[in-house]
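# Structural description and commentary
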Amino acid sequence: IKQRKSPELGMICSVTTIMTGAILHNTMSLPLLLSFLLLFASLSVATDDNTIKIGILHSLTGSLGPSETTLKDVVLALIKETNDAGGVLGKTLVPVVKDPGSCWPCFANEARELLTNDQVKVVFGCWTSISRKFVLPVFEELNGLLWYPVQYEGEECSRNIFYTGAAPNQQAIPAVDYLHGSLNKTKFVLLGTDYVYPRTTNNILDSYLRNALSIPSQDILTIYTPFGHSDFDTIIDEVKEFAGTEGKTAIVSTINGDANVYFYRTLAEKQISASEIPVVAFSVGEGELDPLPSSVLALLKDHLAAWNYFQSVNNTLNHEFVKKFQNFVGDSSRVFNDPMEAHYIGFNMWKQAVEQSGSFEVDVVRQALYGQKVRSLSGYDVRMNTNHHLSKPIMIGKIKGDSQFDIVYQTDPVPGAAWSPYINTPLPTADWTFPWVCGKCFTPSYNVTV
């Protein structure tokens, strides 16, 4: 067995090349193999007291590989930065990376592997709500801790998940308000990939449009496509027919994954300009635009995206960390997006809670997380609330001629709501502190007597 220093991760990695090669070629005797195994076990035991394992659960392959790989990279960069500064509570952080391959049941299998065999203390992972739904019962059963970094549909509040992406009141509702109030749009196309996040978000938006903005049902068109959908010609034609010539229509896109590339290429080919039918997207950021050629991006200019962060935010912390990340991956052109910033927030909140509580144990860290504040790359102090959602700023950006955005609207931090008032009557409470101690309830779990 040889050991080598890994400059990428800034930690000692065990490399078992001699033993592995010998086993594969049947050249190692059983006694010698046992000796190697005993030596390897002794090395592992010797270093266990000085290391803490961190789980990374992101698809590196499959349709969501391009989106999730960069999230894996940012967690590795944060781990290296932390280890270079001395670790956490004197411990070196060791990443354990799992690739579920864009396979929803595989997320659950890999999560169980991380929590049982690998015994990680925390996991940063998932992209789609389907993957989160698959791992949720595993984290609750084994009392693990998951940091979920992507905008989602709400309607969930698990004791074992911290949601660092936007809830609908921090993205979808403000985006529709912008289209209606600032751009005077009165007809809406709700276009999404056919799974839980778009369907639930669009249910909320449909209710909001009809009941809060008084948009008649006939002026709302809802369309769903499967994952990986590539033929948007017919859909764009249907949208154009629905829109007519009034200039009052906007598309609200919850398309996810690599289908976004085909959707935006079709928009460009059919020359659907932002002045004609603007698109506001909830799952398209710098990373999704980056593969598009400049000729296509030029035709997409001024279409919109709603997030809580854009790489174009102008502050020193943002510029410095993005540069540090680009140096880490060895690519000065690599873009930085909202879910990556969410992992930046989540990782630093977890680290602060561990350091303040003096423990890596989930139950202790969870209690220490409530009220934690982190200076985010967006330039705001974001706060973790007792419903496991952040208070974050809302931002809307216009696509520039490159893969970046001009920010045209932003707010101070807004608390994320786990449950939407537009589809929940009465509205449940989500609060994991005493006396409520619940993710969805209508009366406190504990009676308080004076």
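The structure displayed is predicted, hence computed values, not measured ones.

What counts, and where the lines are drawn
- Residues numbered from 1 in each chain as written.
- Predicted model: local features only at pLDDT ≥ 70, side-chain atom pairs only at ≥ 80, totals over all residues.
- Heavy atoms only, no water.
- Disulfide = S-S within 2.5 Å.
- Helix = DSSP H or I, 4+ residues; strand = E, 2+ residues; numbered from the N terminus.
- Polar contact = N/O pair within 3.5 Å; in protein donor to acceptor, adjacent residues only side chain to side chain.
- Contact = heavy atoms within 4.5 Å.
- pLDDT = per-residue confidence, 0-100.
- Pairing = 2+ DSSP bridges.
- Axes fitted to C-alpha atoms, helices over the stretch in contact; angles between N-to-C directions.
- Parallel < 35°, antiparallel > 145°, perpendicular 65-115°, else oblique.
- Left-handed = near helix turned anticlockwise from the far one by under 90°.
- Nonpolar A, V, L, I, M, F, W, Y, C, P; charged D, E, K, R; others polar.

Before going further, it helps to examine the state of the cysteines. Going through the model one piece at a time under the given rule, you end up with two disulfides. Here C103 engages in a disulfide with C106; their sulfurs sit 2.3 Å apart. Its torsion about the S-S bond being 70°, the disulfide of C103 and C106 is classed as right-handed. Covalently, C438 is tied to C441 through a disulfide, its sulfur atoms 1.8 Å apart. An S-S torsion of about -45° defines the bridge between C438 and C441 as left-handed.

Let us now look at the side chain of E156. Among the structural elements, E156 can be located in the loop between β6 (146–148) and β7 (161–163). At a separation of 2.8 Å, a polar atom in the side chain of E156 contacts the side chain of Y163. Excluding its chain neighbours within four sequence positions, the residues that come into contact with E156 are R132, K133, L136, I161, Y163, H389, A418 and W419.

Moving on, we come to the confidence of the model for the protein chain. For the protein chain, mean pLDDT is 90; residues scoring 70 or higher make up 89% of the total. In this model residues 1–47 is a low-confidence stretch, pLDDT under 50, and it forms 46 contacts with partners more than four residues away in sequence or in other chains.

Glancing now at the sheet that holds strand β15 (residues 390–392). Across the sheet, four strands lie side by side as β13-β14-β15-β18; this open sheet has antiparallel pairing. The strands lining the two open edges of the sheet, one partner per strand, are β13 (373–375) and β18 (414–415). Note that β13 and strand β14 (residues 381–384) share three bridges and pair antiparallel. Paired with R375 across the bridge in β14 is D381. Contacts from helix α13 (residues 338–357) reach β13, β14 and β15 within the one sheet, and its direction differs from that of β13 by about 130°.

It is the contact of helix α6 (residues 172–181) with helix α7 (residues 196–211), at a shortest axis distance of 10 Å, that shows an interaxial angle of 40°. As summarised for this structure, α6 and α7 are arranged oblique, according to the angle between their axes. Remark: the crossing between α6 and α7 carries right-handed chirality. Contact residues: A172, I173, V176 and D177 in α6; T201, I204, L205, Y208 and L209 in α7. Partitioning the contact of α6 with α7 into residue classes produces seven nonpolar, one polar and one charged.

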